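# Fold and contact review
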Amino acid sequence: MIFYVVELSDDWNVELEVSEELGIAQSVISRLWQRFQDDGNVSRCYSTGRPRVTTPNEDRYLAVTAKRNRRSTVSDLSRQLSSATGTTVSRQTVYRRLGHIDLYARRLCQMCSTYRNSLSPAISLE
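The structure displayed is predicted, hence computed values, not measured ones.

How each quantity is defined
- Residues numbered from 1 in each chain as written.
- Predicted model: local features only at pLDDT ≥ 70, side-chain atom pairs only at ≥ 80, totals over all residues.
- Heavy atoms only, no water.
- pLDDT = per-residue confidence, 0-100.
- Helix = DSSP H or I, 4+ residues; strand = E, 2+ residues; numbered from the N terminus.
- Core = buried A, V, L, I, M, F, W, Y, C linked by side-chain atoms within 4.5 Å.
- Buried < 20%, exposed > 50% of the residue type's maximum accessible area, 1.4 Å probe, protein only.
- Contact = heavy atoms within 4.5 Å.
- Axes fitted to C-alpha atoms, helices over the stretch in contact; angles between N-to-C directions.
- Parallel < 35°, antiparallel > 145°, perpendicular 65-115°, else oblique.
- Nonpolar A, V, L, I, M, F, W, Y, C, P; charged D, E, K, R; others polar.
- Salt bridge = Lys/Arg side-chain N within 4 Å of Asp/Glu carboxyl O.
- Phe/Tyr/Trp six-rings, centres within 6.5 Å; stacked < 30°, edge-to-face > 60°.

## As for the confidence of the model for the protein chain
Per-residue confidence for the protein chain averages 77 on the pLDDT scale, and 68% of its residues sit at or above 70. The least confident element of the protein chain is helix α1 (residues 2-10), whose mean pLDDT is 56; the most confident is helix α5 (residues 74-85), at 92.

## Section: the nonpolar core
Among the nonpolar cores identified, the biggest contains 11 residues, and these are L62, A63, A66, V74, L77, L81, V89, V94, L98, L103 and A105. Of all the elements in the fold, those that place two or more residues in this core are α4 (56-68), α5 and α6 (91-100). Apart from the residues lying within four places of it in its own chain, the contact partners of A66 are L77, L98 and L103.

## A short note on the environment of A63
Tracing the sequence through the fold places A63 in helix α4. In the structure, A63 is positioned 38 residues away from I101 in sequence and 8.0 Å away in space, judged by C-alpha atoms.

## Notes on the packing of α5 against α6
Between α5 and α6, the shortest axis-to-axis distance is 9 Å and the interhelical angle comes to 100°. Taken together, α5 and α6 sit at an angle that is classed as roughly perpendicular. Contacts between α5 and α6 involve V74, S75, L77 and S78 on the former and, on the latter, R91, V94, Y95 and L98. Residue composition of the contact of α5 with α6, grouped by class: five nonpolar, two polar and one charged.

## Some details on the pattern of salt bridges
Counted under the stated rule, the structure contains three salt bridges. For R52, the salt bridge identified is with D59, shortest N-O distance 2.6 Å. Given a relative accessible area of 52%, R52 falls into the exposed group. We classify D59 as buried; its relative accessible area is 18%. A salt bridge links D59 to R97; its shortest N-O distance comes to 3.3 Å. Here D59 is found in helix α4, whereas its partner R97 is found in helix α6, with 38 residues between them in sequence. In this structure, D59 and R97 share a single accessibility class: buried. Salt bridges linked by common partners bring R52, D59 and R97 together as one network.

## What to know about the packing of aromatic side chains
Within this structure, the stated rule accounts for one aromatic pair. For the pair Y95 and Y104, a centre-to-centre distance of 6.3 Å together with 55° between the ring planes defines the contact as tilted.

This is how it looks when you write it as structure tokens:
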């Protein structure tokens, strides 16, 4: 039925005529037509829980950037995404998005001071 609504509306029929022909409210026709014009899709998106911060395009951008520069950290990727798209995401979000596609950004190795002090003086860290 939804595709029939789109087909009728696509033929430049007035929404009121379409609603009378189908026997449903004009607001339903208007909403379906608007949804179709926005993204070309009229199917419902059932979603539960918290809405995603990043779009699929931004997820792809993260993946491409991480693959292109393997030495970048999660913080670097988060900053790059923010400057490219204006979407601010946390380091944890970037880490999760990369983990979904089996990519893992580089982690900085921070030696604790006790380990560093236990190294022999012959080993130079600089």
